[in-house]
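# Architecture and fold: a report
This is what each chain is made of:
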Amino acid sequence: MNICVIGTGYVGLVTGAVFAELGNDVICVDSAAEKIDLLNKNKIPFFEPGLEEMVVRNRNEERLSFTTDIARGVRASEIIFICVNTPTLDNGETDLAYIKSAARDIALALNGDKTIVNKSTVPVGTGDLVLETINEHKNEGFNVDVVSNPEFLREGSAIRDALSPDRIIIGASTKKVAFRLMELYATLEAPILITNLYTAEIIKYASNAFLATKISFINSIANLCEQTGADVEDVARGMGYDKRIGRDFLNAGLGFGGSCFPKDVKSLLSTSAGFGYRFDILKHVMETNNGRAAHFLELIKTRFPDLNGKTVAVLGLSFKPDTDDMREAKSIEIIKALLEESVIIQAYDPVAMQRAREMFPDIRYCRNAYEACDGADAMLLVTEWREFRLLNMEKIKNSMKHPIIFDGRNIYDPERKKRLGFEYYCFGRGKWPKSS
Ligand code: NAD
Ligand code: UGA
């Protein structure tokens with residue numbers, strides 16, 4: 001099938017590469033000329049494991065191409081995916097300007113009947129808006145169907161998630177339209193749910209908001225564990241054995257960041273309010289999450305009431321492992337707070353340091369975790385990259401000024417760290433020390 005993908009960010013580029021891999025002819029379009037230039041040189045604008053190889057392979061086999069010319073992409077394709085960004089406005093609403101602009105450009109380029117598939121995460125009713133915008137700008141005589149096909153991939157495992165999705169959701173006005181899209185997914189072994197547009201749009205937000213709720217819930221349980229001496233890791237394990245609950249997304253720590261959960265929870269809150277419904281649970285999910293970095297600093301202050309002039313190693317800068325994405329990363333809040341206390345920061349992240357430099361040009365960036373910990377008064381584990389689980393802790397201990405670990409993601413075993421001679425602090429595993 002001939003496909004056009006509009007937007008070559010995390011979702012668009014992965015979608016384009018995967019559909020090409022499945023044997024389709026794909027034209028990826030982006031309005032950002034610098035991204036298209038990079039892609040035409042086989043360079044990927046962000047870090048995503050396995051993506052570069054897939055893009056290069058499919059470009060070489062001439063199934064995948066990149067352009068800024070949206071009209072070319074639209075004219076050559078039967079199915080057009082909209083994968084543009086949908087950021088949050090200051091008032092919490094979703095900014096649909098990029099969606100509208102893509103819809104308008106599609107309409108102006110139409111040369112036949114097309115199926116327009118919205119993969120961006122958009123508030124309920126946006127499918128109607130896309131259709132209205134296209135109808136307003138298109139020439140008479142061409143028929144357009146709009147479908148909602150939300151994306152559930154995660155950064156860091158995007159290729160795997162796209163090739164083996166837990167489910168495929170297709171929201172369409174008729175079964176006939178839905179079947180057109182089903183054909184594209186026929187080779188993937190995944191349950192397919194066909195529903196109406198509004199339902200598909202809500203499924204996406206409901207899924208992200210529910211996962212965010214799980215995280216804030218376990219972080220609230222961690223707070224309680226800190227008061228009582230219980231162990232949140234065992235609580236999560238104990239809960240997770242119940243198949244109705246499941247262990248996933250019950251990792252206590254600094255909470256959720258990234259370009260999706262914070263944005264989508266806010267958007268669902270705002271959409272609900274727009275329909276006159278107060279979605280109070282979600283307000284608390286955000287409040288709990290917003291308090292996590294401050295809670296971590298509170299813990300650090302129990303040990304270092306005066307941080308002025310202390311040297312701290314910050315391990316991990318991206319919002320989660322296996323990505324260089326710094327959007328709403330907890331490291332940002334933590335570094336800002338530490339800088340306000342005149343802390344000397346020695347940071348290390350396997351791939352996100354270039355992006356971090358744009359935000360924090362004046363902190364010290366290190367070549368590895370050992371260099372970051374060298375001479376430090378404390379180590380702060382902020383993002384749980386796999387390599388941080390495998391460090392030579394004896395070497396770290398001997399190089400630090402004080403062998404103290406504040407584990408923001410609960411990745412280490414407290415007893416082992418103590419046996420190795422570290423002072424070890426984390427979330428929800430035993431009573432917290434009292435502030436002095
Ligand atoms: P992104 O910001 O990485 O990429 C969006 C791209 O769209 C940019 O390159 C931008 O230049 C381009 N663009 C914007 N308007 C355009 C236009 N009119 N014409 C051509 N190009 C245009 O965004 P993303 O992370 O890929 O997310 C895209 C959507 O998918 C969002 O709604 C997001 O919520 C959703 N989503 C993201 C993820 C994720 O893991 N990042 C997962 C699932 C869903
Ligand atoms: C999330 C969803 O998992 C995807 O299904 C969805 O498609 C995507 O949002 C989206 O809509 O854009 P992503 O943001 O890439 O994907 O990353 P996650 O792995 O979900 O992690 C999100 C945040 O939650 C990270 O900051 C992570 O550290 C945090 N998290 C995750 C926890 O604090 N605890 C957990 O138990 C799990």
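Attention here is on the structure that accompanies the text.

Analysis parameters
Residues numbered from 1 in each chain as written. Chains lettered and ligands numbered in written order. Predicted model: local features only at pLDDT ≥ 70, side-chain atom pairs only at ≥ 80, totals over all residues. Heavy atoms only, no water. Near = heavy atom within 4 Å. Polar contact = N/O pair within 3.5 Å; in protein donor to acceptor, adjacent residues only side chain to side chain. Helix = DSSP H or I, 4+ residues; strand = E, 2+ residues; numbered from the N terminus. Nonpolar A, V, L, I, M, F, W, Y, C, P; charged D, E, K, R; others polar. Domains from an automatic or database assignment. Areas by Shrake-Rupley, 256 points an atom, 1.4 Å probe, with all protein chains shown as cover. Pairing = 2+ DSSP bridges. Right-handed = clockwise from strand over helix to strand, strands pointing away. Axes fitted to C-alpha atoms, helices over the stretch in contact; angles between N-to-C directions. Parallel < 35°, antiparallel > 145°, perpendicular 65-115°, else oblique. Left-handed = near helix turned anticlockwise from the far one by under 90°. Contact = heavy atoms within 4.5 Å.

### A word on the site of ligand 1
- Residues in contact with ligand 1 amount to 25 residues; listed here are only the nearest, D30, K35, T86, T121 and K263.
- Here an oxygen atom of ligand 1 sits 2.9 Å away from a polar atom, N or O, in the main chain of V11.
- The side chain of K263 places a nitrogen or oxygen atom 2.6 Å from an oxygen atom of ligand 1.
- If one sorts the elements of the shell around ligand 1 by residue count, helix 5 (residues 97-109) sits on top with three residues.
- Across the shell around ligand 1, the residue classes tally to 10 nonpolar, eight polar and seven charged.
- Each of domain 1 (2-195) and domain 2 (229-436) accounts for three or more of the residues forming the shell around ligand 1.

### Here's the deal with the site of ligand 2
- Around ligand 2 sit 20 residues, and of these F152, L153, K204, N208 and C260 come closest.
- Contact between ligand 2 and F152: an oxygen atom at 2.7 Å from a main-chain N or O atom of the residue.
- Within the backbone of G257, a nitrogen or oxygen atom sits 3.0 Å from an oxygen atom of ligand 2.
- Relative to its unbound accessible surface of 710 Å², ligand 2 loses 91% to contact with the protein.

### What to know about the pairing of strand 14 (residues 423-426)
- As paired elements, strand 13 (residues 404-407) and strand 14 share four bridges and run parallel to each other. For I404, the partnering residue across the bridge sits in strand 14 and is E423.
- For the crossover that starts at strand 13, traverses helix 19 (residues 414-419) and ends in the parallel strand 14, the hand is right-handed.

### A closer look at the packing of helix 11 (residues 261-274) against helix 12 (residues 280-290)
- Close contact between helix 11 and helix 12 brings their axes to 9 Å; oriented N to C, the two are set at 150°. With respect to their mutual orientation, helix 11 and helix 12 come out roughly antiparallel. The two elements helix 11 and helix 12 cross, and the hand of that crossing is left-handed. In contact with P262, V265, K266, L268 and L269 of helix 11, helix 12 contributes L282, K283 and M286.
- In terms of residue class, the contact of helix 11 with helix 12 is built from six nonpolar, no polar and two charged.

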